[in-house]
Amino acid sequence: MEEDEGHPPPPYSTISNKRKTYDKFKRHESKGRTTLSSPSLTRLASRLHFAAFPLRSTTRKLMSQTLARATLGLTHPTNMENPKIYFTAMDVDVTQWKGDILAVGVTEKDLAKDAKSRFENVILSKIDSKLGGLLAEASSEEDFSGKVGQSTVLRITGLGSKRVGLIGLGQSPSTPAPFKGLGEAVVAAAKSSQASTVAIVLASSEGLSAQSKLSTAYAIASGVLAEEAAKIASTYSDVFTAKILDAKQCEELKMGSYLGVAAASANPPHFIHLCYKPLSGPVNVKLALVGKGLTFDSGGYNIKTGPGCSIELMKFDMGGSAAVLGTAKALGQIKPLGVEVHFIVAACENMISGTGMRPGDIVTASNGKTIEVNNTDAEGRLTLADALVYACNQGVEKIIDLATLTGACVVALGPSIAGVFTPSDDLAKEVFEASDVSGEKLWRLPLEESYWESMKSGVADMVNTGGRQGGAIIAALFLKQFVDEKVQWMHIDMAGPVWNDKKRSATGFGIATLVEWVLKNASNAN
């Protein structure tokens, strides 16, 4: 996530003799340098690599030992197999279903009882009759009223299931949020009881999604587990192709803005391009999803320091790319017709080294625009600049980029709402309709063109940061400079909702909305 410090650039006279103009950055390799790298070059998750350099001093032995000790105790990704989740729709008598937990989603209205304290709801009455009234009795004793967040699980005999649970949905759920809560409560109950089979039934079925939505729900549930672009392409090779560009290939495309950010890291950058094409039929609409992919952001020479800088959490700075690749996996399972989708991630780290980008450097993006870097911690927009130019070159009609871009957006909207910027009212309408279905919260913010005044540079086309005020708007205006005017474009700043601080975990924010948006475009195209 970027920090908009708002520091003005130094006077040109103080740097004129020292400035280096970078149209492109090259990594400098020392002779004898050995890099221990991961076998998988396409892995998006943060990896730790170490380099050993020839040491030409009397401290050689001591420093070698220090480097060796530095590797001890550092964490590495744990190789573990993700649980496989299967969804099946069945028309069965819930009292006869055999399994570990029968979970019943109930509204406050569903819990109404008659004069004999028996449930009036048909499903609850049927279940409770098999239990001799135990469910009604327990709901009264525990003051279970069906409010959102309430749940009670009982170990029972008399049904095919070992346990029965009541999960509150509130008064009358009209958004997906209560149903997400239902799923979370079921997962928690299954985990605590070590259950492997769970049935979920709604006491009232009003507003239930159509059967055709089942595949979408399945794909979203597992899509957040997407690990890497190459695996997606190989798993769904019938609809996906993958292109992973290395630093040299990016240099040939003149991606100086992206490579400038990547220059300091011992881990090489990887520019990821997945392309989805339907199994059959014509392509009627072409879309692109671009995700910020900073696998770690130290801030560079403008290093993140002090309380609240969240440097320890900067592994989530690839949250935008996680949403993009999660969406790709979901669509690989759904396989919509009539739509072509490009998934683009400029993956790299923002680190500090002698080869790194410095404050005051000038980089040139692949569309020829020059950028004076007055803050190396405003790096995400530099990587997105070349990614957006690349996306436009694919001939797409609409682009959505997602990024954990600014702390300013978190200050404005808090931890639960993402900021949306777009000059297209039509695209805004499409995406907000998709978010209404997904339950993910978005808020449209203005693209105030007058704020661009603060981004002017005396030695380049623009600087990469302006003042503190309106930081999220200024960042969006920066990205706009790299989008073809003929392309409908939206920027989503998801710095707030990408991370759940209470649970200390990522949220998978954005996947559900993107899937709904792509599917709606596909259905309109057909």
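The structure displayed is predicted, hence computed values, not measured ones.

K.L.:
Can you break down the overall build of the protein chain residue by residue, with the values?
P.N.:
Scanning the protein chain from N- to C-terminus turns up 15 helices and 20 strands. Looking at the 526 residues of the protein chain, the share that counts as buried comes to 48%. A fraction of 76% describes how many contacts in the protein chain between residues 6 or more apart in sequence connect residues 24 or more apart. For the protein chain, the exposed surface amounts to about 25,700 Å²; the carbon and sulfur share of it is 53%.

K.L.:
Help me get a handle on the pairing of strand S15 (residues 418–421), residues and values and all.
P.N.:
By the alternation rule, side chains of S15 split into Ala418 and Val420 and Gly419 and Phe421, which are all buried. Read from S15 through helix H13 (residues 425–438) to strand S16 (residues 442–444), the crossover connection turns out right-handed. Pairing of S15 with strand S18 (residues 488–493), which is carried by 3 bridges, proceeds in the antiparallel orientation. Counted as the bridge partner of Phe421 is His491 from S18.

K.L.:
Account for the environment of Leu134, with residues named and values stated.
P.N.:
Within the secondary structure layout, Leu134 lies in helix H4 (residues 134–141). In this structure the C-alpha to C-alpha distance between Leu134 and Ile156, which are 22 residues apart in sequence, comes to 9.0 Å.

K.L.:
Any chance you could break down the pattern of salt bridges for me, citing the residues and the numbers?
P.N.:
Pairing of side chains with opposite charge becomes possible as their charged atoms draw close. One pass over the full model with this rule turns up 12 salt bridges. Between Lys126 and Asp93 there is a salt bridge; the shortest N-O distance is 3.4 Å. One end of the pair, Lys126, is in helix H3 (residues 122–130); the other, Asp93, is in the loop between helix H2 (60–70) and strand S4 (99–106), with 33 residues separating them in the sequence. Linking Asp425 and Arg444 is a salt bridge whose minimum nitrogen-to-oxygen distance equals 3.0 Å. Of the two residues, Asp425 is situated in helix H13 and Arg444 in strand S16; the sequence distance between them amounts to 19 residues. Exposure remark for Asp425: the relative accessible area of 54% places this residue in the exposed category. When salt bridges with common partners are traced through the structure, they connect Lys429, Glu433 and Lys520 into a single cluster.

K.L.:
Please provide a residue-by-residue account of the sheet that holds strand S9 (residues 270–276), values included.
P.N.:
Pairing in this open sheet of 8 strands is mixed, and the strands run S8-S9-S11-S10-S14-S18-S15-S16 from one edge to the other. Taken across any chain shown, the strands that pair with only one partner, and hence form the sheet edges, are strand S8 (240–245) and S16. When the angles between neighbouring strand axes are averaged without regard to direction, this sheet yields 20°. With 5 bridges connecting them, strand S10 (residues 285–297) and strand S14 (residues 398–403) associate as parallel partners. Pairing of Val290 across the sheet is with Asp401, part of S14. Packed on one face of the sheet, H13 meets S14, S15, S16 and S18 and runs near 160° to S16.

K.L.:
Let's hear about helix H14 (residues 471–480): which residues, and what values?
P.N.:
Along an α-helix, a turn takes 3.6 residues, which lines up residues three or four apart on a common side. Burial analysis of H14 places 9 of its 10 residues in the buried class, the great majority of the element. Listed in full, the buried residues belonging to H14 are Gly471, Ala472, Ile473, Ile474, Ala475, Ala476, Leu477, Phe478 and Leu479.

K.L.:
Residues and numbers for the packing of helix H11 (residues 380–392) against H14, please.
P.N.:
At a minimum axis separation of 9 Å, H11 and H14 run at an interaxial angle of 30°. With respect to their mutual orientation, H11 and H14 come out roughly parallel. Crossing geometry of H11 relative to H14 is assigned as right-handed. Of the residues in H14, those touching H11 at Arg381, Leu382, Leu384, Ala385 and Leu388 are Ala475, Phe478 and Leu479.

Cut-offs and rules
- Residues numbered from 1 in each chain as written.
- Predicted model: local features only at pLDDT ≥ 70, side-chain atom pairs only at ≥ 80, totals over all residues.
- Heavy atoms only, no water.
- Helix = DSSP H or I, 4+ residues; strand = E, 2+ residues; numbered from the N terminus.
- Buried < 20%, exposed > 50% of the residue type's maximum accessible area, 1.4 Å probe, protein only.
- Contact = heavy atoms within 4.5 Å.
- Areas by Shrake-Rupley, 256 points an atom, 1.4 Å probe, with all protein chains shown as cover.
- Right-handed = clockwise from strand over helix to strand, strands pointing away.
- Pairing = 2+ DSSP bridges.
- Salt bridge = Lys/Arg side-chain N within 4 Å of Asp/Glu carboxyl O.
- Axes fitted to C-alpha atoms, helices over the stretch in contact; angles between N-to-C directions.
- Parallel < 35°, antiparallel > 145°, perpendicular 65-115°, else oblique.
- Left-handed = near helix turned anticlockwise from the far one by under 90°.

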